[in-house]
Amino acid sequence: MGCSISRKEGSQGSRIGLRAATVMALALSLAPMLAAGQDPDMRWSQDPATGCRFVAPASLGAAPTYWSGTCQSGKASGIGMLRTRVGANAGYAFYGELRDGIPVIGAVDLEGGFRVGRFVAGDIGTRDTEWQERHDGFEAALRAARAVSAHYAGQKNTASARHYSAVAKKLETQLEGD
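Computed from a predicted model, the values in this text were never measured in an experiment.

Colleague: Explain the overall build of the protein chain to me, using residue names and the numbers behind them.
Modeller: A count of helices and strands for the protein chain gives three helices and eight strands. When its helices and strands are written in sequence order, the protein chain yields α-β-β-β-β-β-β-β-β-α-α. Taking all 178 residues of the protein chain together, 34% fall into the buried category. Taking all contacts inside the protein chain whose residues are at least 6 apart in sequence as the whole, residues at least 24 apart take part in 36%. Of the roughly 10600 Å² of accessible surface on the protein chain, 52% is carried by carbon and sulfur atoms.

Shown next, in the form of C-alpha cells:
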C-alpha cells in the first residue's frame, strides 16, 4: 500500500496535507525507537576498554562506565553488569538485562541500597513498582551478578569472583524478603 501526496497551488488543503505528511514522516522515523521503548534523547555511552555501546541508567552518574557481558553488533546485550569507575575505584553498578544497548530490568547498587525495576524515563526504579516488577528486577540482577562472578572465576580472578558472588548472595537475600 503506497502513500501519495497531491498538492494544489494556493489551497488551504495542500498546506494541511503537507503538514500531515511531515508529521507522518516524523512519526514513522521515530516508530522503531518508540516501539523498542527508546527515547530519541537517550544518552549513549561507550565502554572505554571494549567500545561496546549502551545507555547507562542515570543513577550510575557520569563516570566512565564499563560493560561486563555480551556485546552484539557493537551494543551491550543480555545479562550483565554496567560498572562505573573513578580512577582505580569502583563506583555504582547496574546488574540486569540490556537489549540492543538499552537496559530492560535489574537493580542499581547504590551506597544506600538498591534501586530496582524496569528502565523507564532514563533510569531504573523511577516509579513506584509493584511486587512482581521488584521481584523480576531482583531476579534479573541476581542472574547478572552470578554471571559476572562466573566470568571472573573463568579468568582465574578469584577476588572479583568472590566479590560478585557476595553481591549475588545480597541480591538473593532481597528476594527471600519478598
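Colleague: Which residues make up the layout of surface pockets, and what are the values?
Modeller: One simple way to see leftover space: roll a probe sized like a water molecule over the atoms. One number sums up the size of the second largest pocket: a volume of about 160 Å³. What lines the second largest pocket is simply Asp47, Tyr66, Trp67, Ser68, Met81, Arg83, Arg85, His151, Tyr152, Gln155 and Tyr164. Breaking the lining of the second largest pocket down by element, the ones donating at least two residues are strand 3 (65-72), strand 4 (75-86) and helix 2 (131-154). Partitioning the lining of the second largest pocket into residue classes produces five nonpolar, three polar and three charged.

Colleague: Which residues make up the state of the cysteines, and what values go with them?
Modeller: Within the structure shown, the criterion is met by one disulfide. The residue that forms a disulfide with Cys52 is Cys71, at a sulfur-sulfur distance of 2.2 Å. Taking the torsion about the sulfur-sulfur bond, which here is approximately 110°, the covalent link between Cys52 and Cys71 counts as right-handed. Placement of Cys52 in the loop between strand 1 (44-46) and strand 2 (53-55) and of Cys71 in strand 3 is noted, with a sequence separation of 19 residues between them. Note on Cys52: relative accessible area 1%, which makes it buried. Classification of Cys71 by relative accessible area gives partly exposed; the value is 37%.

Reading the values: rules and limits
- Residues numbered from 1 in each chain as written.
- Predicted model: local features only at pLDDT ≥ 70, side-chain atom pairs only at ≥ 80, totals over all residues.
- Heavy atoms only, no water.
- Helix = DSSP H or I, 4+ residues; strand = E, 2+ residues; numbered from the N terminus.
- Buried < 20%, exposed > 50% of the residue type's maximum accessible area, 1.4 Å probe, protein only.
- Contact = heavy atoms within 4.5 Å.
- Areas by Shrake-Rupley, 256 points an atom, 1.4 Å probe, with all protein chains shown as cover.
- 1 Å grid on protein atoms, 1.4 Å probe; cavity = no way out; pocket = protein on both sides within 12 Å on 5 of 7 lines; lining within 4 Å.
- Points joined across faces, edges and corners; volume = space filled by probe spheres on them.
- Nonpolar A, V, L, I, M, F, W, Y, C, P; charged D, E, K, R; others polar.
- Disulfide = S-S within 2.5 Å.

That is the geometry; function is a separate question.
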